Amino acid sequence: MAFLQGLDSHIIIVGCGISGIGAAQKLLNHGFHNVRILEATGRCGGRIRTGRLGKKIVEIGANWIHGPSQENPVFRLACQYNLLDPESMSEENQAMDIGGHPPFVPNWFSSSGKRLGPELMLPATSLFVSLTEECQDFHASGREPVPSVGQYIKREARRRAAELWDDAATRDLRLATMSMLLKLECCISGTHTMDDVGLGAFGMYKTLPGLDCTFPGGYEGLISCMMNELPKDVVSFNRPVKCIHWNNSVQGADSSGRTFPVLVECENGESFPADHVILTVPLGYLKRHQATLLSPPLPLPKVHSIQRMGFGTNNKIFVEFEQPFWDPDCESIYFVWEDEADLVDVVPDLQTSWIKKLFGFTVLKPTER
Ligand SMILES: Cc1cc2nc3c(=O)[nH]c(=O)nc-3n(C[C@H](O)[C@H](O)[C@H](O)COP(=O)(O)OP(=O)(O)OC[C@H]3O[C@@H](n4cnc5c(N)ncnc54)[C@H](O)[C@@H]3O)c2cc1C
């Protein structure tokens with residue numbers, strides 16, 4: 001909230017996800033010794049959480065290191081702790097530029113249970129990739145023919161499909177495939193619909209080189225390694241923060257009688273005086289609670305930023321089959337709903353038709369460790 005004044009500063013970090021742990025690690029490494037993390041729940045890791053399904057490791061939260069190369073701090077940490085397999089750390093892997101879209105080996109299935117072949121699907125995939133690349137270029141050109149990525153892709157896909165593919169049945173199936181790819185793009189962009197993603201800003205997103213990789217022993221292994229480097233008592237668990245009183249007037253005193261400009265008040269009535277606070281709670285939490293979480297409230301431009309920024313829900317479902325019905329080399333199973341030739345990335349009634357919002361499944365490889 002203000003620049004740090006001295007190594008004796010009392011610093012409270014709210015939230016013990018990877019951001020909070022990373023901040024504590026950095027501060028302690030730089031000699032700050034009065035650092036405390038307040039975490040609402042009884043565990044650390046936040047949205048990084050590894051579970052098990054039978055003998056397999058499953059990632060309930062984050063799964064991939066996107067763009068695993070030297071510029072990526074998560075990748076650097078994972079290498080430092082030796083948590084990745086040699087292939088993921090190889091120079092060759094780090095140099096691959098996939099533009100945020102890993103080339104998974106796909107199997108496609110239609111809603112009437114048919115297996116769809118690459119000759120039918122690949123023209124749709126390649127048109128979709130060209131359209132997303134065009135969307136990225138609008139940032140540099142400073143032009144914005146329509147407001148959103150969704151509108152641009154839908155408009156252009158319809159127009160070009162009509163020019164390219166004469167046979168109506170083939171055209172409809174390929175347009176339905178592009179509906180599925182729009183839903184996949186929603187997961188990548190973390191949005192409910194691509195209609196909410198601004199066309200001009202789309203190209204600002206920077207993807208790092210490197211072929212996305214996973215943690216063979218689970219993402220939470222990274223959290224454990226980072227936590228092992230912190231002093232044992234640095235985290236206070238089960239301390240949901242209720243209010244951060246930050247109006248710079250003298251707020252509280254510690255046992256030495258020193259006074260502090262900030263007081264962090266927890267739900268259980270405990271309070272912690274601080275010189276600085278680092279808040280790492282998710283945007284959704286901030287949207288709902290910012291009016292009461294900060295006293296006085298944040299300045300209006302900041303409140304407006306919090307209100308205007310959006311996000312969608314990324315959920316996962318794990319399904320186990322006794323026997324695979326997909327090819328041995330298949331990495332992604334894609335669902336093509338035959339009635340979605342009108343290019344949709346939202347479904348009208350999520351309560352009853354939520355399954356149609358799924359783009360498909362990622363095939364989990366056997367756990368090796
Ligand atoms: C299903 C899913 C899949 C994902 N897949 C990927 C992926 O493959 N690759 C990738 O890079 N990213 C992925 N992400 C995103 C990634 O998990 C997050 O970006 C990252 O974990 C966020 O870390 P964080 O520390 O900023 O926040 P969080 O992990 O959310 O940590 C915030 C912490 O603050 C605590 N907190 C909240 N309110 C309070 C309060 N009032 N007082 C005290 N503590 C509080 C929470 O309990 C939590 O522990 C995925 C996320 C989800 C949900």
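What comes next concerns the included structure.

Rules behind the numbers
- Residues numbered from 1 in each chain as written.
- Predicted model: local features only at pLDDT ≥ 70, side-chain atom pairs only at ≥ 80, totals over all residues.
- Heavy atoms only, no water.
- Axes fitted to C-alpha atoms, helices over the stretch in contact; angles between N-to-C directions.
- Helix = DSSP H or I, 4+ residues; strand = E, 2+ residues; numbered from the N terminus.
- Parallel < 35°, antiparallel > 145°, perpendicular 65-115°, else oblique.
- Left-handed = near helix turned anticlockwise from the far one by under 90°.
- Contact = heavy atoms within 4.5 Å.
- Near = heavy atom within 4 Å.
- Polar contact = N/O pair within 3.5 Å; in protein donor to acceptor, adjacent residues only side chain to side chain.
- Nonpolar A, V, L, I, M, F, W, Y, C, P; charged D, E, K, R; others polar.
- Pairing = 2+ DSSP bridges.
- Right-handed = clockwise from strand over helix to strand, strands pointing away.
- Buried < 20%, exposed > 50% of the residue type's maximum accessible area, 1.4 Å probe, protein only.
- Arc of directions from axis to C-beta.

**A look at the packing of helix 5 (residues 118–141) against helix 7 (residues 168–189)**
Here is step 1 of the chain: It is the contact of helix 5 with helix 7, at a shortest axis distance of 9 Å, that shows an interaxial angle of 50°. Here helix 7 runs oblique to helix 5, going by the angle between their axes. Where helix 5 crosses over helix 7, the two elements pack in a sense that is right-handed. Packed against helix 5, whose contacting residues are E119, L120, M121, P123, A124, T125, L127, F128 and T132, the element helix 7 presents T170, L173, R174, T177, M178, L181, L182 and E185 at the interface.

**Comments concerning the site of the ligand**
Here is step 1 of the chain: Close to the ligand lie 29 residues; S19, E39, R47, W64 and V241 are nearest.
Here is step 2 of the chain: Between the ligand and the protein, one listed contact pairs an oxygen atom with a side-chain N or O atom of S19 at 2.5 Å.
Here is step 3 of the chain: Within the contact set of the ligand, a nitrogen atom lies 2.9 Å away from a side-chain nitrogen or oxygen of Y285.

**Describing the packing of helix 1 (residues 18–29) against helix 9 (residues 220–228)**
Packed helices, taken two at a time, are described by their axes: the angle between them and the distance between them.
Here is step 1 of the chain: Packing of helix 1 against helix 9 leaves a shortest axis separation of 10 Å and a crossing angle of 30°. Accordingly, the angle class assigned to the pair helix 1 and helix 9 is roughly parallel. Crossing of helix 1 over helix 9 shows left-handed handedness. For the pair formed by helix 1 and helix 9, the contact residues are I18, I21, G22 and Q25 on the first element and L222, I223, M226 and M227 on the second.
Here is step 2 of the chain: Considered class by class, the residues forming the contact of helix 1 with helix 9 number six nonpolar, two polar and no charged.

**Thoughts on the sheet that holds strand 18 (residues 360–362)**
Here is step 1 of the chain: In space, the four strands of this open sheet follow the order 7-6-17-18, with mixed pairing throughout. Since the sheet does not close on itself, it has two edges, and those belong to strand 7 (115–116) and strand 18, each with one partner.
Here is step 2 of the chain: Relative to strand 7, strand 6 (residues 106–110) runs antiparallel, the two being bridged by two bridges. By the bridge assignment for strand 7, W108 is matched with L116.
Here is step 3 of the chain: Strands in contact with helix 5 are strand 6, strand 7 and strand 17 (332–336); relative to strand 6, the strand with the most contacts, it is inclined by about 100°.
Here is step 4 of the chain: Relative to strand 17, helix 7 is tilted by about 125°, and along the sheet it contacts strand 6, strand 7 and strand 17.

**Remarks on the pairing of strand 2 (residues 34–38)**
Here is step 1 of the chain: Relative to strand 2, strand 1 (residues 10–14) runs parallel, the two being bridged by five bridges. Following the sheet pairing, I11 is matched in strand 2 by V35.
Here is step 2 of the chain: As for the winding sense of the linkage, the β-α-β connection from strand 1 through helix 1 to strand 2 is right-handed.
Here is step 3 of the chain: In this sheet, strand 9 (residues 235–236) lies alongside strand 2 in parallel orientation, the contact comprising two bridges.

**What about unusual backbone geometry?**
Here is step 1 of the chain: Going from S295 to P296, the amide bond is cis rather than trans, its omega being 0°.
Here is step 2 of the chain: One can find P296 in the loop between strand 16 (294–295) and helix 11 (300–308).
Here is step 3 of the chain: For N238, which is not a glycine, the phi torsion comes out positive at approximately 50°.
Here is step 4 of the chain: Phi at L343 takes a positive value of approximately 55°, unusual for a residue other than glycine.
Here is step 5 of the chain: Take L343: it is sitting in the loop between strand 17 and helix 12 (350–353).

**What about helix 2 (residues 73–80)?**
Here is step 1 of the chain: Here helix 2 has its buried residues at F75, L77 and A78. Mapping the buried residues of helix 2 onto a view down its axis gives an arc of 165°, with all of them on the same face.
Here is step 2 of the chain: The elements touched by buried residues of helix 2 are helix 1, strand 5 (64–65), helix 3 (86–89), helix 4 (91–95) and helix 9.
Here is step 3 of the chain: The distance from a side-chain oxygen at the start of helix 2 to the backbone nitrogen of V74 is 2.9 Å, and the residue carrying that oxygen is N72.
Here is step 4 of the chain: Just past helix 2, the residue N82 takes up positive phi, approximately 55°.

**With respect to the environment of F318**
Here is step 1 of the chain: By the element assignment, F318 lies in the loop between helix 11 and strand 17.
Here is step 2 of the chain: In this structure F318 comes out as partly exposed when scored by relative accessible area, which is 33%.
Here is step 3 of the chain: Along the chain, F318 and E59 lie 259 residues apart, while their C-alpha atoms are 9.6 Å from each other.
Here is step 4 of the chain: If we ignore the near neighbours within four places in the chain, the residues touching F318 are L53, V58, E59, I60 and L364.

**Things to note about the pairing of strand 17**
Here is step 1 of the chain: Buried residues dominate strand 17, accounting for five of its five residues.
Here is step 2 of the chain: Residues S332, Y334 and V336 point to one face of strand 17 and I333 and F335 to the other, with burial holding for every one of them.
Here is step 3 of the chain: Taken together, the five bridges between strand 6 and strand 17 define a ladder with parallel strand orientation. Note that in strand 17 the partner of P106 across the bridge is S332.
Here is step 4 of the chain: Pairing geometry for strand 17 and strand 18, over three bridges, is antiparallel. Within strand 18, the position partnered with I333 by the bridge is F361.

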